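# Structure at a glance
So the chains spell out like this:
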Amino acid sequence: MILDTTERKKIVENKIIDWITAKSGGQLTIFKPSNGKGVDLVAKKRGKYPGEGLNIQVITISERNNLYEKDIEEEFLHFDKNCYLIFVYFDLVEQDIKDYLWIEYCMGELSKS
């Protein structure tokens, strides 16, 4: 059974939540924000700490011609000082994510050329 985009996104986000929670030793709380605003997940330090946490956008990529590529339209990206992009390879044949991912820090708006 081939998963649609929404089902794939849920699987990927849930695995990232599990991965970050496990790797942080339970010191981070990861959740899906209620208002979204271009953000898929938010990571906050467990306990009472000031700040908004880290905003995470999850981008699923697939392989084409032995290259990992993904076209991203700027309007779908969320830029602020606490934003990170997580690129995850989703295997269309196995219908699952692989064990590696790429994390990129968003430094601000894309430059217009």
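Everything below is about the structure printed above this text.
Report follows, based on the coordinates. Numbers given to residues run from 1 along each chain, matching the order in which its sequence is written. In view of the model being predicted, local features appear only for residues whose pLDDT reaches at least 70, and side-chain atom pairs are presented and counted only at 80 or more, with totals across whole chains, interfaces and linings using the full set of residues. The side-chain quantities take in all heavy atoms of the structure and omit both hydrogens and water.

## Structural notes on the environment of V58
A run of H or I in DSSP counts as a helix once it spans at least four residues, and a run of E counts as a strand once it spans at least two, with each numbered from the N terminus. With respect to the helices, strands and loops of the structure, V58 is situated in strand β3 (residues 54-64). For every residue, the accessible area obtained with a 1.4 Å probe (protein chains only) is divided by the maximum for its type, and the residue is called buried under 20%, exposed over 50%, and partly exposed between those limits. A relative accessible area of 8% means that V58 is categorised as buried. Sequence separation between V58 and G38 is 20 residues, and the spatial gap between their C-alpha atoms is 9.9 Å. Note on contacts: a residue pair is in contact if any heavy atoms of the two residues lie within 4.5 Å. Excluding its chain neighbours within four sequence positions, the residues that come into contact with V58 are K9, V12, E13, I16, D40, L41, I86 and V88.

## Quick word on the packing of aromatic side chains
Here a Phe, Tyr or Trp ring, Trp counted by its six-membered ring, pairs with any other such ring whose centre lies within 6.5 Å, and the pair is stacked when the planes are under 30 degrees apart, edge-to-face when over 60, and tilted otherwise. By the definition in use, this model includes one aromatic pair. Relative to Y105, the ring of Y84 has its centre 5.1 Å away and its plane inclined at 55°; by these criteria the two rings are tilted. Remark: Y105 occurs in strand β6 (residues 96-105) and Y84 occurs in strand β5 (residues 83-91); sequence separation between them is 21 residues. Residue Y84 is classed as partly exposed on the basis of its relative accessible area of 26%.

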